[in-house]
Amino acid sequence: MGPAVTWLPGFRAVCCPGLDGRGAPGRVALTFDDGPDPLSTPHFLRVLDTLSVRATFFVLGSRLERHPELGRRMAAAGHELAVHGWEHDRPWLPRPGRDAAELARSVAAVQRVTGTRPLWYRPPYGILTGGRWAAARRAGLRPVLWSAWGRDWTPWATGRGVVAEAASRLGPGGTLLLHDSDAYAAPGAWRATLAALPCLVAYCGARGLAVGRLADHGCPGTVGPFASRGTAR
């Protein structure tokens with residue numbers, strides 16, 4: 001369970017900087033977790049289209065299987081689908097066989113729906129155990145977490161608060177974690193994220209930072225024990 005401490009931003013920045021999703025200094029990668037959700041994700045697609053921004057959505061395989069038409073809509077709009085796991089569970093007990101099977105199943109679901117094999121993996125809660133790291137390698141996925149988040153899953157989240165929290169850590173080459181669903185968050189929390197989205201894009205634009213997908217982010221290769229063989233809450 002040693003690698004699980006990678007969810008701690010301070011540890012990650014020092015010991016595993018590749019997991020932060022650091023990319024080209026003129027860019028910010030915009031990422032969303034926990035979808036697709038037919039109640040909320042379409043609102044994000046609409047706003048992103050208005051902003052002419054494309055993002056990376058870390059989807060849950062079980063939800064994508066239930067809503068394949070929404071996944072196809074996301075891909076058709078130019079967004080990138082990545083893997084967040086099959087279910088949003090906590091990895092308290094080692095289960096390497098199940099981890100490998102579920103990641104492979106999630107990869108297959110994304111490829112079946114979008115016609116493109118996913119590149120990235122972000123485990124639920126950012127807890128990258130040794131078993132999940134090994135499973136990602138076998139699935140040809142590169143683990144990537146985040147360098148800034150909006151704390152948009154909380155019951156007290158507001159649009160202004162999400163912007164302030166994200167801006168406090170977000171800088172050139174950063175990867176921003178947000179959520180396009182409240183399936184594993186406070187009810188209605190996604191509305192604060194949606195309200196914050198135009199302000200966050202404007203914040204980046206004012207600093208000369210282009211906002212886009214991880215695939216366009218120019219992330220350097222992950223090094224050390226978390227290196228991936230795959231190509232590039």
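Below is a summary of the structure that appears in this document. (Residues numbered from 1 in each chain as written. Predicted model: local features only at pLDDT ≥ 70, side-chain atom pairs only at ≥ 80, totals over all residues. Heavy atoms only, no water.)

Structural notes on the pattern of salt bridges
Reasoning step 1: Counted by the stated rule, this structure contains 14 salt bridges.
Reasoning step 2: For the salt bridge of R122 with D33, the shortest nitrogen-to-oxygen distance reads 2.8 Å. With R122 in the loop between strand 4 (120-121) and helix 6 (130-138) and D33 in strand 1 (residues 27-33), the pair connects residues that are 89 residues apart, well separated along the chain. The pair R122 / D33 is uniform in exposure class, with both members buried. (Salt bridge = Lys/Arg side-chain N within 4 Å of Asp/Glu carboxyl O. Helix = DSSP H or I, 4+ residues; strand = E, 2+ residues; numbered from the N terminus. Buried < 20%, exposed > 50% of the residue type's maximum accessible area, 1.4 Å probe, protein only.)

So, unusual backbone geometry
Note: most residues except glycine have negative phi, and most peptide bonds are trans.
Reasoning step 1: Cis geometry marks the peptide bond from G35 to P36; its omega dihedral reads 0 degrees.
Reasoning step 2: By the secondary structure assignment, P36 is in the loop between strand 1 and helix 2 (41-51).
Reasoning step 3: A positive phi angle, near 55 degrees, is found at S52, a position not held by glycine.
Reasoning step 4: Within the secondary structure, S52 is located in the loop between helix 2 and strand 2 (56-60).
Reasoning step 5: Overall, the relative accessible area of 61% leaves S52 in the exposed class.

Description of the packing of helix 5 (residues 96-114) against helix 6
Reasoning step 1: Look at helix 5 against helix 6: their axes get within 9 Å of each other, and the N-to-C directions meet at 40 degrees. Here helix 5 is positioned oblique relative to helix 6, judged by the angle of their axes. Taken as a pair, helix 5 and helix 6 cross one another with a handedness that is right-handed. Where helix 5 approaches helix 6, its residues P96, D99, A100 and L103 are matched on the opposing element by G131, R132, A135, A136 and R138.
Reasoning step 2: Grouping the constituent residues of the contact of helix 5 with helix 6 by class yields 5 nonpolar, 1 polar and 3 charged. (Axes fitted to C-alpha atoms, helices over the stretch in contact; angles between N-to-C directions. Parallel < 35°, antiparallel > 145°, perpendicular 65-115°, else oblique. Left-handed = near helix turned anticlockwise from the far one by under 90°. Contact = heavy atoms within 4.5 Å. Nonpolar A, V, L, I, M, F, W, Y, C, P; charged D, E, K, R; others polar.)

Re the environment of D33
Reasoning step 1: Residue class for D33 comes out buried when judged on its relative accessible area of 2%.
Reasoning step 2: Setting aside residues up to four positions removed in sequence, D33 forms contacts with F58, H84, R122, L177, L178, H179, D180 and S181.

Examining the nonpolar core
Reasoning step 1: Within the largest apolar cluster, 47 residues are counted, with the highest numbers of intra-cluster contacts made by L30 and F32.
Reasoning step 2: The greatest single-element share of this core, amounting to 8 residues, is contributed by helix 8 (residues 190-206).
Reasoning step 3: Counting 8 residues, the second-largest nonpolar core is a separate cluster that includes W146, W153, A185 and A189. (Core = buried A, V, L, I, M, F, W, Y, C linked by side-chain atoms within 4.5 Å.)

Considering the pairing of strand 1
Reasoning step 1: The buried count for strand 1 comes to 6 of 7 residues, which makes it a mostly enclosed element.
Reasoning step 2: As judged from the 3 bridges shared by strand 1 and strand 8 (residues 210-212), these two strands associate in the parallel manner. Paired with A29 across the strands is G212, a residue of strand 8.
Reasoning step 3: Bridge analysis of strand 1 against strand 7 (residues 175-179) gives 5 bridges, and the strand direction is parallel. Bridging from a neighbouring strand, A29 pairs with T175 of strand 7.
Reasoning step 4: In terms of strand pairing, strand 1 meets strand 2 through 3 bridges, oriented parallel. (Pairing = 2+ DSSP bridges.)

With respect to the packing of aromatic side chains
Reasoning step 1: Tallied over the full model, the rule gives 5 aromatic pairs.
Reasoning step 2: Centre to centre, the rings of F32 and F57 are 5.0 Å apart; their planes meet at 20 degrees, and the pair counts as stacked. Placement of the pair is F32 in strand 1 and F57 in strand 2, with a sequence separation of 25 residues.
Reasoning step 3: Residue F32 is classed as buried on the basis of its relative accessible area, which comes to 0%.
Reasoning step 4: Using a relative accessible area of 1% as the deciding quantity, one classes F57 as buried.
Reasoning step 5: Measuring from centroid to centroid gives 5.5 Å for W146 and W149, while their planes differ by 25 degrees, and the two rings are stacked.
Reasoning step 6: For W146, a relative accessible area of 4% gives the class buried.
Reasoning step 7: Among the aromatic side chains, those forming a connected cluster through ring pairs are F32, F44, F57 and W190. (Phe/Tyr/Trp six-rings, centres within 6.5 Å; stacked < 30°, edge-to-face > 60°.)

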